[in-house]
Structure formats: structure tokens, C-alpha cells
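# Commentary on secondary and tertiary structure
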Amino acid sequence: MAAASDVKVLGMWSCPYVNRAQLALCIKSIEYEFIEENTLKKSDMLLKHNPVHKKIPVLIHGDKSVCESCIIVEYIADAFDTGPRILPSDAYDRALARFWAAYIDDKWYPLVKVLRQSGDKEERKSLVQKLFEGLILLEEAFIGCSKGMAYFGGDSIGYLDIILGSCLACLRVTEKVVGVELMDPTKAPQLAK
Amino acid sequence: MATSGVKVLGARQSPFVNRVVMALEMKSIDYELVEMNPRLKPELLIKTNPVHKKIPVLIHGDRTICESLIIVQYIDDAWTNGPSILPPHPYDRATARFWAAFVDDKLVPLLGQLREAEGEEAKELVFKKFSEAFMQLEEAFINCSKGKAFFGGDSVGYLDIALGSFVGYIRVAEMMNETKLLDETKTPRLDGWAERLYSDNIVKDVLMDPQLLLVQLQSGFRHSRSSRRHRETRVEARSLRGNMKEQCCWRRGLCEMQQIEGLFLWREP
């Protein structure tokens, strides 16, 4: 097992992208040190380890630093052979997991933040509609990936559970702010469960 | 693994499609390139990529995979014969994925920004962004190549495919704007890599010469059904001079190219 001093995560406790790295490390039973960052006043450590994007999360493993949450999760899956698999064993299932992770990050989840910050009634209505459309796609993805089991990863939490699961807290906050049940069980019953 | 039933839905000029074709060629996989114009939203494309309705799509038996970099990784995972596309070490893989994402998220959009920029001042701003991005990629090249010819080392790898598929369009943008975006004085190693790329046996058979690409873009899409891959001698197109009408053979397609006078029509890949 990697010593806690070997592995560090630079991040904020409330950031879903940081939570992804933490979830993956927990699944692999890797001890790590969490270093809280203030994104309004970025530390020298953050700027040194992520000079390109200057963003959290950053995973520091020994003398190596890995950036971008999905890439960090895949790195953790590759680099540590403790604990259960994070990515599926089949090449096609891996491709599907990556596809839906990219869909969540590029198309679906950004709408949640825009919705939360929007004060315009018509814009909110349009965003909610788009989120529901995406939710239906994710419901189909869940049915396809889970193959009747509890998670996208099957019997246990996997890559796509981490990617989407980390977004749930912010999703619930947005639901409270806008007064709409976004993870609507009538539209996505399997996903809501 | 059986290589039968491999199809690529795409367009010959698309850099995203070229990524997939390069990966298949590296693994010596027979495939059929089914040319299509995504703007026309053909039925097969909508059926196989209902979420994004975009090319490329890889069809492998009854499986469909979308998104170019995901397809390249799938090809590397599914076919273990031939050279590895991604590096063996987890950290090198993470680094390759990071810079490939940088290419797609930061560099590629600059081509669109340059196209839309009106006036010299706006263009200069985009040129500056290109310069910054290439400086970062220069460092990436130094670290990834470890002194060798390609990002992948001695041979073309994941990041060579991800970035290399856009070199032609970068050179076209240079010709159109009469400027150097990939500048050998500022990023000598990256520029050297871009020159070497076209001499690689796999790449030169896939990526269109920038001069030819310029003419293709001027004349718009030409669609033809491509046959199963086989090793044909490619007949080089003569370079275009003035308003000459040129004919060239490209694989099995015979296309007639005309130079359009006046405004150059930039086509999205």
C-alpha cells in the first residue's frame, strides 16, 4: 500500500471533480494526504503541479503529478493494483464508460451549473428540459452498462459511477435552488435508485 | 481477434476520422471507410451515433464506438497485435491523455477562432494563443519523446495521432493567413516533429498533403464509397498553379479539382 506521504490530492472538499479522485483512491484503499486549496488564491504548489490549467484536482504521486479528474481516475485504476477494478475489463465496456463520462462532463453536467446561476425563468425552463433529455440518455446508458446490477460498474462502483456519482451533491443543491426534481424517478427510474 | 466487419463512418478530410484510420493502419486491421457528410445527417450515422450525430464512428461487428480519441483507445485495447498505441507506463499514459485532451480542448478550437476572426487585430490575438499553445506542446514533446523522433518515442503513438491529425489543417491555416503558426524558431522540436510526421510509413498514407488539403477544402466535399483497404500506390497530385484544372487519383477515388477564384471557402472537418 502506498504511504500517505506518497500520495497527495490538491483540491477542495466540495468540488465534485476532486471527489472523483478521492473516491477512486478510497476504492483502491490508498492512503493519501488531502491538501485543501483556495481557488481564489491559488497556492504555489498548485501552480507548480498544474501550470497548464491551474485547476484542481491534482494528484501528486511521488514526484509525478496528474491533472484532470477523469485522467486521474484512470491513472489510479492503472497504477494501483489493490482493490477492485475501476474500469471494466472488456475493451468495449471501457469505451462505453469513457464515452458516457465525456458526455457527462462536456454536455450534461455543465448545464447544472448554468441552471443554478440562471435567474431567467425562460432560460431555466429550457435548461431543465435539456437536462431531462440528457437524463433519459443516461438512464439508457445505465441499463446498458449495469446489465441488471446495482451500479454502472455492475456489482460494485466503477468508473462511470464515480464520474456521475460525484455530481450528485451539486445536483441536489441545484434541485433545492430551482425547485425542480432533476433526478426525476418518473423519467429515469433506474438512475434515481 | 477477427478483423472482419470493421467499418469507419467518416470523411477522408476529417482529422478526427484520420485519427481512427491511423490507429487501424498501425494495427494492420482491414476496414472499410464509409464516406459520409455529417451535415447531411445520413441515416446510418444517426443510428450509430444518436447522441452526437457526428463522425467518426467505428463499427466493429455489432458494436459501435464514437468519439475519435475513445475509438483510438478502443482499437489499442481490442487489438493486441501490432505496436501499442498508448505507452505502457500508467504515468506516461496519463500524460498522453492529458495532452490529447489539451489538443482537443485548447488547440483545435483556435482553428475555428482564426477562421471567424475579423481584422488583423483579432487575428493577431489568435496567433498569440496558437504560439502559447505550441510552446506548451513543445515542452510536452521534450518530456514525452525523451529525445526520440515522436511523442510515442521511436514510433508514432497516441499523442502523435491526436495532434498529428491536425498538422495539415495548421499548415493550411498558415498558407491562408501567410503566417507561421508552428514556428521553427520558437518551437524547433515540435516543428521538426511535424516535418518528420509525414515521412512515417503509416502517417503519409493517411494524412493528406497540406497543399492537396488546401485544394480539397476549396472545392468542398467530394464523396465516394471507398473499398476495403489494400495497399495501392498513391498517385501524387501535381501542385496547383494559377487556375489550372487538375486531376488526381486518390486511392480509388477520381476527383476533379478546380480552383475557386476569389474567396477561399473554409470547410469544417
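Per an unreviewed UniProt entry, chain B carries the name glutathione transferase and comes from Salvia splendens. Note on chain B: under the UniProt heading Sequence similarities (unreviewed entry), the record states "Belongs to the GST superfamily. Tau family." Quoted verbatim from the Catalytic activity (unreviewed entry) heading of the UniProt record, the comment on chain B is "RX + glutathione = an S-substituted glutathione + a halide anion + H(+)".

### Some words on the overall build of chain A
In terms of helices and strands, chain A carries 8 helices and 4 strands. Counting helices and strands in the order they occur from the N terminus, chain A gives β-α-β-α-β-β-α-α-α-α-α-α. Principal axes of the C-alpha set define a box for chain A whose edges measure 50 × 40 × 25 Å. Accessible surface for chain A amounts to roughly 9,400 Å². Of this, 54% is attributable to carbon and sulfur atoms.

### Describing the packing of helix 4 (residues 90-116) of chain B against helix 7 (residues 167-177) of chain B
Residue and element names in this part refer to chain B. Running from N to C, helix 4 and helix 7 cross one another at 25°; their axes reach a closest spacing of 11 Å. Considering their axes alone, helix 4 and helix 7 lie roughly parallel with respect to each other. Between helix 4 and helix 7 lies a crossing of left-handed hand. Residues L107, L111 and L114 of helix 4 lie in contact with helix 7, whose contacting residues are Y169, I170, A173 and N177. Across the contact of helix 4 with helix 7, the residue classes tally to 6 nonpolar, 1 polar and no charged.

### Topic: the sheet that holds strand 1 (residues 7-11) of chain A
Residues and elements named next belong to chain A. Judged by pairing direction, the sheet is mixed, and its 4 strands sit side by side in the order 2-1-3-4 without closing on themselves. Across the chains shown, the open sheet's two edge strands, defined by having one partner strand only, are strand 2 (33-36) and strand 4 (64-67). Taken pair by pair, the neighbouring strands of this sheet meet at an average axis angle of 20°, ignoring direction. Sheet contacts for helix 1 (residues 16-27): strand 1, strand 2 and strand 3 (58-61); angle to strand 1, the most-contacted strand, approximately 160°.

### What to know about the interface of chain B and chain A
At the interface, 23 residues of chain B touch 23 residues of chain A. Between chain B and chain A, a total of about 2,100 Å² is buried, with carbon and sulfur atoms accounting for 71% of that surface. Here chain B is connected to chain A by 6 salt bridges. R97(B) is the partner of E74(A) in a salt bridge, and the nearest nitrogen-oxygen pair spans 3.3 Å. Only strand 4 (63-66), helix 3 (68-78) and helix 4 of chain B provide two or more residues apiece to the side of chain B that touches chain A. Among the elements that make up the side of chain B that touches chain A, the one with the highest residue count is helix 4 of chain B (9 residues). Here the side of chain B that touches chain A is composed, by residue class, of 12 nonpolar, 5 polar and 6 charged.

### A short note on a positive patch on the surface
A contiguous patch of positive charge on the surface is contributed by K42(A), K54(A), K55(A), K113(A) and K106(B). On the secondary structure map, K42(A) appears in the loop between strand 2 and helix 2 (44-49). For K42(A), a relative accessible area of 36% gives the class partly exposed.

### Structural notes on the sheet that holds strand 3 (residues 57-60) of chain B
All names here are of chain B. Taken in spatial order, the 4 strands of this open sheet run 2-1-3-4, and their pairing is mixed. A single partner strand is all that each edge strand has here, and the edge strands are strand 2 (32-35) and strand 4. Ignoring strand direction, the axes of neighbouring strands in this sheet form an average angle of 20°. Examined bridge by bridge, strand 1 (residues 6-10) and strand 3 share 4 bridges and lie antiparallel to one another. If you follow K7 over to strand 3, its bridge partner there is I59.

### Looking at the pattern of salt bridges
Evaluation of the coordinates by the stated rule reveals 21 salt bridges over all chains. For the salt bridge of D93(A) with K147(A), the shortest nitrogen-to-oxygen distance reads 3.5 Å. Taken together, the residues D93(A) in helix 4 (residues 91-117) and K147(A) in the loop between helix 5 (121-146) and helix 6 (159-165) connect sequence positions 54 residues apart. In this structure K147(A) comes out as exposed when scored by relative accessible area, which is 52%. The shortest N-O distance in the salt bridge between R189(B) and E138(B) comes to 3.8 Å. Here R189(B), found in helix 8 (residues 188-197), pairs with E138(B), found in helix 5 (residues 120-145); they are 51 residues apart in sequence, far enough to count as distant. With relative accessibility at 47%, the residue R189(B) sits in the partly exposed group. Judged by its relative accessible area of 7%, E138(B) falls in the buried class. Three or more residues are tied together by salt bridges with common partners; here these are E74(A), D78(A), R94(A), R98(A), D77(B), R93(B) and R97(B).

### Observations concerning the packing of aromatic side chains
Centre-to-centre distance and the angle between the planes together describe a pair of aromatic rings. Under the counting rule described, the total for this entry stands at 12 aromatic pairs over all chains. These aromatic residues form a ring-pair network of at least three members: Y92(A), Y74(B) and W79(B).

### Points about the nonpolar core
The biggest cluster of nonpolar side chains holds 149 residues, and the ones touching the most others in it are L58(B), I75(B), L107(B) and W193(B). Among the elements that line this core, the one with the most residues is helix 4 of chain A, at 14 residues. Filtering out sequence-adjacent residues up to four positions away, I75(B) remains in contact with V20(B), A23(B), L24(B), K27(B), I29(B), L58(B) and I85(B).

### Quick notes on the side chain of T174(A)
Considering the arrangement of structural elements, one finds T174(A) in helix 7 (residues 168-178). Setting aside its immediate chain neighbours within four residues, T174(A) contacts V112(A), L115(A), R116(A), G179(A) and L182(A).

### Structural notes on helix 7 of chain B
Residue and element names in this part refer to chain B. Taking burial as the measure, the 11 residues of helix 7 include 9 buried ones, the bulk of the element. Listed as buried for helix 7 are V167, G168, Y169, I170, R171, V172, A173, E174 and N177. On its buried face, helix 7 sits against helix 1 (15-26), helix 4, helix 5, helix 6 (158-164), helix 8 and helix 10 (210-219).

### Structural notes on the pairing of strand 1 of chain A
Residue and element names in this part refer to chain A. Across the 5 residues that make up strand 1, a large majority, 5, are buried. Of the two faces of strand 1, the one lined by V7, V9 and G11 and the one lined by K8 and L10 are each fully buried. In this sheet, strand 3 lies alongside strand 1 in antiparallel orientation, the contact comprising 4 bridges. Considered in strand 3, the bridge of V7 is made with H61. Sheet topology note: the strand 1/strand 2 ladder contains 4 bridges and is parallel.

About the criteria used
- Residue positions are counted from 1 within each chain, in the order its sequence is given.
- Chain letters start at A and ligand numbers start at 1, both assigned in the order the entries are written.
- Since the coordinates come from a predicted model, pLDDT governs what is reported: local features require at least 70, and pairs of side-chain atoms require 80 or more to be given and counted, while whole-chain, interface and lining totals use all residues.
- Here the side-chain values reflect all heavy atoms present in the structure, with hydrogen atoms and water set aside.
- UniProt positions are given in the numbering used here, feature names are shortened, and annotations may be inferred rather than shown by experiment.
- Counting from the N terminus, the helices are the DSSP runs of H or I reaching at least four residues and the strands are the DSSP runs of E reaching at least two.
- Note on areas: Shrake-Rupley, 1.4 Å probe, and residue coverage restricted to the protein chains presented here.
- A fitted line through C-alpha atoms serves as each axis, taken over the contacting stretch for helices, and the angle formed by two N-to-C directions is quoted from 0 to 180°.
- What sets the label is the angle itself: under 35 degrees gives roughly parallel, over 145 gives roughly antiparallel, 65 to 115 gives roughly perpendicular, and the rest give oblique.
- By convention, the crossing between two helices is left-handed when the near helix turns anticlockwise from the far helix through less than a right angle, and right-handed when the turn is clockwise.
- Should any heavy atoms of two residues lie within 4.5 Å, those residues are counted as being in contact.
- Under this grouping Gly is polar, as are all residues other than the nonpolar Ala, Val, Leu, Ile, Met, Phe, Trp, Tyr, Cys and Pro and the charged Asp, Glu, Lys and Arg.
- Here, a strand pair is defined by DSSP locating no fewer than two bridges between the strands.
- When two parts are put together, the accessible area they lose, computed with a 1.4 Å probe and summed over both, is reported as buried area.
- Salt bridges are defined by distance alone: a side-chain nitrogen of Lys or Arg within 4 Å of a carboxyl oxygen of Asp or Glu.
- The patch calculation keeps residues exceeding 30% relative accessible area without a salt bridge and links them within 9 Å when they carry like charges or within 5 Å when they are nonpolar (Val, Leu, Ile, Met, Phe, Trp, Tyr).
- The charge count includes Lys and Arg as positive and Asp and Glu as negative, but it does not include His or the ends of the chains.
- In this description, the location of a charge corresponds to atom NZ of lysine, CZ of arginine, CG of aspartate or CD of glutamate.
- Think of it in three bands: residues with accessible area under 20% of the maximum for their type are buried, residues over 50% are exposed, and the middle band is partly exposed, with areas taken using a 1.4 Å probe on protein chains only.
- Ring pairs shown here join Phe, Tyr and Trp side chains whose ring centres sit within 6.5 Å, with only the six-membered ring taken for Trp; geometry is labelled stacked below 30 degrees between planes, edge-to-face above 60, and tilted in between.
- What we call a nonpolar core is a set of buried Ala, Val, Leu, Ile, Met, Phe, Trp, Tyr and Cys residues that are connected through their side-chain atoms within 4.5 Å.

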